[in-house]
Amino acid sequence: MTTVTDDLIEQLKELDTPTVCNALESVVPQRRGYGYTTHPLVCTRPELGSMVGYARTACIRAMHPSDNRGEAARDMQHGYYQYIDDGPKPAIIVIQDLDGESRGYGSYWGEVNSNIHNGLGCVGLITDGSVRDIPDIAPGFQMLADRIGPSHAFVHPVSYGGGINVAGMRVTSGDLIHADQHGAVVIPMDKAHEVPDAAAAIARRERVIINAAQEDGFDFERLKKAWGDAAEVH
């Protein structure tokens, strides 16, 4: 699997997710309409800023107990955590809740699991299920979720490592994910190195228009001039 450098990951963390989406519209125009979350998610710690990491994917259920018992249940549990530990780091857990309209019925995420995953090299979570234990989550661990709830009910993993869809974003294990309080986006690995420069160029063009809009006497004629001036910025 292709990976990116630690330095590039740090550069991407300096950007917010809308800026990354803007940059991808420039470097991968065909991705303009997909590859990011389209349903709202709750961000439990917006002050942490952006997180960037490689996806670890899984599916959970919580409304009913697992069909697995004994050794089969242990094999699923051990296999899941081994999968989380394997592969490139930092990692971001991306979990699809399979309970349909009742997704979020029980939370897989709280004080214990956030600390376990953080210890295994994960910087955060994206899920269309629920999270809990908000004040006691592992330090620095970010969570984006459909909702906050009180109970774990019968929550258990039913699969891991496959392709999933969370909040409208399709994710494959190993994808490079960028996320913050606005949502999340998959960055194509072969285009990741182009994102910082594209984002900087967009910011320069936007600054021309913003500066003009903040000047005294701004009107439509000055807006048209600013559009023209911005188009010449590279």
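Data block above holds the structure.
Residues numbered from 1 in each chain as written. Predicted model: local features only at pLDDT ≥ 70, side-chain atom pairs only at ≥ 80, totals over all residues. Heavy atoms only, no water.

Remarks on unusual backbone geometry
We apply this condition: Numbering of helices and strands starts at the N terminus; helices are DSSP runs of H or I of at least 4 residues and strands are runs of E of at least 2.
Look at the link from Lys 89 to Pro 90: it is a cis peptide, with omega at 5°. Among the secondary structure elements, Pro 90 is positioned in the loop between α3 (70–85) and β3 (91–97). One non-glycine residue, Asp 133, adopts positive backbone phi at about 55°. Positive phi outside glycine occurs at Ala 167, with the angle close to 55°. By the secondary structure assignment, Ala 167 is in the loop between β9 (164–166) and β10 (169–171).

Considerations on the side chain of Thr 17
Put simply, the rule reads: For every residue, the accessible area obtained with a 1.4 Å probe (protein chains only) is divided by the maximum for its type, and the residue is called buried under 20%, exposed over 50%, and partly exposed between those limits.
Topologically, Thr 17 is positioned in helix α2 (residues 17–27). Relative accessible area serves as the criterion here: at 3%, Thr 17 is assigned to the buried category.

Points about helix α4 (residues 111–119)
As a reminder of what qualifies: Think of it as the arc spanned by the lines of direction from the helix axis to the C-beta atoms. A contact between two residues is defined here by any heavy atoms of the two lying within 4.5 Å.
All of the buried residues along α4 are Asn 113, Ser 114 and His 117. When α4 is viewed along its axis, its buried side chains cluster within an angular range of 100° and face the same direction. Of the exposed residues in α4, the ones pointing more than 90 degrees away from its buried face are Val 112 and Gly 119. Considering only its buried residues, α4 is in contact with α3, β3 and β4 (122–127). Within two residues after α4, Gly 121 carries a phi angle of roughly 95°, on the positive side.

Some remarks on the packing of aromatic side chains
Going by this rule: Stacked, edge-to-face and tilted labels apply to pairs of Phe, Tyr and Trp rings (six-membered ring for Trp) whose centres lie within 6.5 Å, assigned for plane angles under 30 degrees, over 60, and everything in between, in that order.
Here the structure, examined in full by the defined rule, presents seven aromatic pairs. With a centroid separation of 5.0 Å and 80° between ring planes, the pair formed by Tyr 80 and Tyr 81 is classed as edge-to-face. The same class applies to Tyr 80 as to Tyr 81, namely buried. Relative to Phe 141, the ring of Trp 109 lies with its centre 6.0 Å away and its plane at 20°, an arrangement referred to as stacked. With a gap of 32 residues between them, Trp 109 in the loop between β3 and α4 and Phe 141 in the loop between β5 (130–131) and β6 (142–145) connect regions that are remote in the sequence. Across the pair, exposure class does not vary: Trp 109 and Phe 141 are buried alike. An aromatic cluster of three or more residues is present, and its members are Tyr 80, Tyr 81, Tyr 83, Tyr 108, Trp 109, Phe 141 and Tyr 160.

A few points about the environment of Thr 19
Heads up, the condition is: N or O atoms closer than or at 3.5 Å make up a polar contact, with two conditions inside protein: a donor-capable atom paired with an acceptor-capable one, and, for residues adjacent in sequence, both atoms drawn from side chains.
Tracing the chain through its elements places Thr 19 in helix α2. In sequence terms Thr 19 and Lys 225 are 206 residues apart; their C-alpha atoms lie 24 Å from each other. Of the polar contacts made by the side chain of Thr 19, one reaches the side chain of Asp 16; its length is 2.7 Å.

Some points on the pattern of salt bridges
Pairing is possible between side chains that carry opposite charge, provided their charged atoms lie close to one another. Heads up, the rule is: Any Lys or Arg side-chain nitrogen found within 4 Å of a carboxyl oxygen on Asp or Glu counts as a salt bridge.
Overall, the coordinates contain nine salt bridges when judged by the stated rule. Among the salt bridges present, the one from Lys 191 reaches Glu 194, with a minimum N-O distance of 3.5 Å. Of the residues examined, Glu 194 reaches a relative accessible area of 28% and is grouped as partly exposed. Two residues, Glu 215 and Arg 222, come together in a salt bridge whose shortest N-O distance is 2.6 Å. You can call Arg 222 partly exposed: its relative accessible area is 32%. Connected through shared salt-bridge partners, Arg 103, Asp 146 and Arg 147 make up one network.

A short note on the nonpolar core
As a rule of thumb, soluble globular proteins bury nonpolar side chains together. In plain terms, the rule: Think of a nonpolar core as a cluster: buried Ala, Val, Leu, Ile, Met, Phe, Trp, Tyr and Cys residues, connected wherever their side-chain atoms sit within 4.5 Å.
Formed by 21 residues in total, the largest nonpolar core has its most connected members in Tyr 80, Ile 93, Ile 95, Trp 109, Leu 125 and Phe 141. Counting residues per element, the ones that place at least two in this core are β2 (51–61), α3, β3, β4 and β6. Apart from residues lying up to four places away in sequence, Phe 141 is in contact with Arg 45, Leu 48, Trp 109, Ser 114, His 117, Asn 118, Cys 122, Val 123, Gly 124 and Leu 125. Ranked by size, the runner-up nonpolar core spans 20 residues in total, among them Leu 15, Ala 23, Val 52 and Ile 187.

Keep in mind these values describe shape, not function.
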